[in-house]
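What follows is the residue order along each chain.
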Amino acid sequence: MSTLSSFDIPHKNVLDSWATLMFGISNEKVVLERIMSHKGPKTHHVVPEPHGGWNVRHGGSDQASSHHDPNREAIDTGREVSRNQGTEFRIHNRDGRIANSDSHGCDPNPPKG
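Looking only at helices and strands, the protein has three helices and five strands in total. Ordered by position from N to C terminus, the α and β elements of the protein give α-α-β-β-β-α-β-β. Per-residue burial over the protein gives 27% buried out of 113 residues. A sequence separation of at least 24 residues applies to 26% of the contacts in the protein between residues at least 6 apart. On the protein, roughly 7,900 Å² of surface is accessible, and the fraction owed to carbon and sulfur atoms is 51%.

So this is what it looks like as structure tokens:
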């Protein structure tokens, strides 16, 4: 049985090499979303749906908890779920980047005093 060294894998960085060896995943973005997302605080996200509208998702999940056409409705629903479950709440822009973030009970950096 032969073992692979990091030189045998034609990937651009260590994370890709590690993910390919351990999980058969060669896409760094997928690794960060599916594997590494479990390290931080529990989260809920409002994210754009590629075919239109907005989804409310639990952090690390591939499935939407709910789908909404207006952004405001998705934000209101997501915020309510986040408050009820005491999670971090992240609102994403159409390009997928985080535009706003709220803490509902498990702030990793609470204010002093």
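Taken together, five strands build an open sheet; the order of strands is β3-β2-β1-β4-β5 and the sheet is mixed. Two strands close off the open sheet at either side, each with one partner strand: β3 (66-68) and β5 (98-103). Sheet twist, expressed as the mean angle between neighbouring strand axes with direction ignored, is 20 degrees. Pairing of strand β1 (residues 43-48) with strand β2 (residues 54-58), which is carried by five bridges, proceeds in the antiparallel orientation. Note that in β2 the partner of His-44 across the bridge is His-58. Against the sheet, helix α3 (residues 71-85) engages β1, β2, β3, β4 (88-92) and β5, with an angle of about 165 degrees to β4.

On to the side chain of His-68, then. Secondary-structure assignment places His-68 in strand β3. At a separation of 2.8 Å, a polar atom in the side chain of His-68 contacts the side chain of Ser-66. If we skip the residues at most four places from it in the chain, His-68 touches Gly-53, Trp-54, Val-56, Glu-73, Ala-74 and Thr-77.

What follows concerns the pattern of salt bridges. By the definition in use, this model includes three salt bridges. A salt bridge links Glu-88 to Arg-90; the shortest N-O distance between them is 3.9 Å. Per residue, the accessibility class of Glu-88 equals that of Arg-90, and both read buried.

For the rest of this paragraph, the subject is the pairing of β2. The turn joining β1 and β2, which pair antiparallel and follow one another in sequence, is formed by five residues; a positive phi near 110 degrees is taken by Gly-52. In terms of strand pairing, β2 meets β3 through three bridges, oriented antiparallel. Looking at β3, one finds that Asn-55 is bridged to His-67.

Take the environment of Pro-70 next. Tracing the backbone through its elements, the reader meets Pro-70 in the loop between β3 and α3. On the basis of relative accessible area, Pro-70 is assigned to the partly exposed category, the value being 40%. Pro-70 sits 17 residues away from Gly-53 along the chain, and the two C-alpha atoms are 6.5 Å apart.

Conventions adopted
Residues numbered from 1 in each chain as written. Predicted model: local features only at pLDDT ≥ 70, side-chain atom pairs only at ≥ 80, totals over all residues. Heavy atoms only, no water. Helix = DSSP H or I, 4+ residues; strand = E, 2+ residues; numbered from the N terminus. Buried < 20%, exposed > 50% of the residue type's maximum accessible area, 1.4 Å probe, protein only. Contact = heavy atoms within 4.5 Å. Areas by Shrake-Rupley, 256 points an atom, 1.4 Å probe, with all protein chains shown as cover. Pairing = 2+ DSSP bridges. Axes fitted to C-alpha atoms, helices over the stretch in contact; angles between N-to-C directions. Polar contact = N/O pair within 3.5 Å; in protein donor to acceptor, adjacent residues only side chain to side chain. Salt bridge = Lys/Arg side-chain N within 4 Å of Asp/Glu carboxyl O.

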